[in-house]
Amino acid sequence: MGDVTDFPTEFARALPKAELHVHLEGSVDPATMLVLAERHGIEAPAANEAGIREWLRFDGFPSFLERYFWVCGLLKTADDFAHIAHAYLSHAHEQGAVHVELHVSSSYHIVEREADWSEVLAGVVAGCERAEADLGISSLLIPDLSPHLGADAAHQALDVVLAELHPRVVGIGMGGPADNWRTEDFGSAFRRAREAGLHTVSHAGEHGPAWEVAHALDEFGAERIQHGIRAMGDPDVVARLAEEGVACDVCPGSNLALAAVPSLDVHPLPAMLDAGITVTLGSDDPPLFATSLLAEYENAWNLCDLDEDGLRDLAINSLVESFASTDQIEAWLDA
Ligand code: ADE
Ligand code: ZN
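Residues numbered from 1 in each chain as written. Chains lettered and ligands numbered in written order. Predicted model: local features only at pLDDT ≥ 70, side-chain atom pairs only at ≥ 80, totals over all residues. Heavy atoms only, no water.

A. Expanded view of the side chain of Asp-285. When you line up the elements, Asp-285 lands in the loop between β8 (279-281) and α14 (293-304). When residues no more than four places from it in sequence are discounted, the contact partners of Asp-285 are His-23, Gly-26, Phe-64 and Tyr-68. (Helix = DSSP H or I, 4+ residues; strand = E, 2+ residues; numbered from the N terminus. Contact = heavy atoms within 4.5 Å.)

And the structure:
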């Protein structure tokens, strides 16, 4: 990194931008966690927000996932989902987002909690509609399958998702620990999703090696990769991402919090841009990582010695790579 000048916060806020990598359940802030725990008679790990923030410190991906799934378990009713969707979209709107693609941990709700997906979906959609009506912010949904539950569970979740395809549901994703990708056939689930007209994305190359990224491209037909930072370990995978124009939705703050990188100074974001990979920025699970969409633009500014044009390019990438309609994307670009 060279000399770092002050991040132009208001310039960055004013850029029309999309956030393509944020988990709805990971967007719940500590105050809301306490309200939900109280509402549903669930014992909270701390009595106040500061205590929850303390509890949210983790020492790696497995301990993060324990906390993430505890938050998932706080979400019971359609109202809960409507509230958190609206709350996050309001927050994103304050940061200049015109569009958000919310990942929803569908395998957790459908397979692990055996929840009524119609109720989950109705709640999330109600929150999205209210945010669109109040604030004009656009939003689409990407139900995520969980690799750690295995391929049968992925098909089970997909059956339920495909049975009720709301127009806001535009893609299927994959998120969670991915140790068993080589032993289970998740590709057939992604094939079914594509045949049903859905886009496909996948977490890959976050903690695991570059082959995960190639696997997500080959087996899942992933159109975007969440994270993808470890792709930089294999020049062939880097070349594929660049040549095939597959964007990586990168979240430096998340990578630091989950120790996927030892420090921000050595984050591969500058190398990804230099290699010609299309990058969009996301906040992943913002309150859990004490980050935000704008904070990720600031991280990119510091890491890559960007100027204002560089920030604008990242914002444009996020609009262009979104699954919004071409007309809508053009309208945002022309605004
Ligand atoms: N689910 C929520 N956050 C995630 C992350 N950072 N990686 C994989 N799955 C996730
Ligand atoms: Zn993620």
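Now that the structure has been shown, we can carry on.
B. Structural view of the site of ligand 1. For ligand 1, the full set of nearby residues is His-23, Phe-61, Phe-64, Tyr-68, Gly-175, Gly-176, His-203, Glu-206, His-227, Leu-258, Asp-284 and Asp-285. Contact distances for ligand 1 include 3.5 Å between a nitrogen atom and a side-chain N or O atom of His-23. Within the contact set of ligand 1, a nitrogen atom lies 2.8 Å away from a side-chain nitrogen or oxygen of Asp-285. Burial of ligand 1 by the surrounding chains reaches 98%, relative to a free accessible area of 260 Å². Among the elements that take part in the shell around ligand 1, helix α4 (residues 61-72) stands out by supplying three residues, more than any other. (Near = heavy atom within 4 Å. Polar contact = N/O pair within 3.5 Å; in protein donor to acceptor, adjacent residues only side chain to side chain. Areas by Shrake-Rupley, 256 points an atom, 1.4 Å probe, with all protein chains shown as cover.)

C. Representation of empty space enclosed by the protein in the model. Counted according to the given criterion, the structure contains two cavities of 30 Å³ or more. Of the volumes computed, that of the largest cavity is approximately 170 Å³. The element contributing the most residues to the lining of the largest cavity is α4, with five residues. The residue makeup of the lining of the largest cavity, split by class, is six nonpolar, seven polar and four charged. Around the second largest cavity, the lining residues are Val-104, Trp-117, Val-120, Leu-121, Val-124, Leu-141, Pro-143 and Val-169. Among the elements of the structure, α7 (117-135) and β3 (138-145) are those that each provide at least two residues to the lining of the second largest cavity. For the lining of the second largest cavity, the element with the most residues is α7, which contributes four residues. Partitioned by chemical class, the residues of the lining of the second largest cavity number eight nonpolar, no polar and no charged. (1 Å grid on protein atoms, 1.4 Å probe; cavity = no way out; pocket = protein on both sides within 12 Å on 5 of 7 lines; lining within 4 Å. Points joined across faces, edges and corners; volume = space filled by probe spheres on them. Nonpolar A, V, L, I, M, F, W, Y, C, P; charged D, E, K, R; others polar.)

D. Main features of the packing of helix α8 (residues 151-163) against helix α9 (residues 187-195). Running from N to C, α8 and α9 point in directions that differ by 10 degrees, and their axes come no closer than 9 Å. Taken together, the axis directions place α8 and α9 in an arrangement best described as roughly parallel. Each of Ala-154, His-155, Leu-158, Asp-159 and Leu-162 in α8 lies in contact with α9, whose residues at this interface are Ser-188, Ala-189, Arg-192 and Ala-193. A class-by-class count of the residues in the contact of α8 with α9 yields five nonpolar, two polar and two charged. (Axes fitted to C-alpha atoms, helices over the stretch in contact; angles between N-to-C directions. Parallel < 35°, antiparallel > 145°, perpendicular 65-115°, else oblique.)

E. Expanded view of the sheet that holds β3. What the eight strands build is an open sheet, ordered β1-β2-β3-β4-β5-β6-β7-β8; its pairing is parallel. In this open sheet, the two edge strands, each paired with only one partner strand, are β1 (17-23) and β8. Taking the axes of each pair of neighbouring strands and ignoring which way they run, one obtains an average angle of 25 degrees across the sheet. Here strand β6 (residues 224-227) pairs with strand β7 (residues 247-250) via three bridges, running parallel. If you follow Arg-224 over to β7, its bridge partner there is Ala-247. Across the face of the sheet, α8 comes into contact with β3 and β4 (171-174) while running at roughly 145 degrees to β3. (Pairing = 2+ DSSP bridges.)

Taken by themselves, the reported measurements are silent on function.
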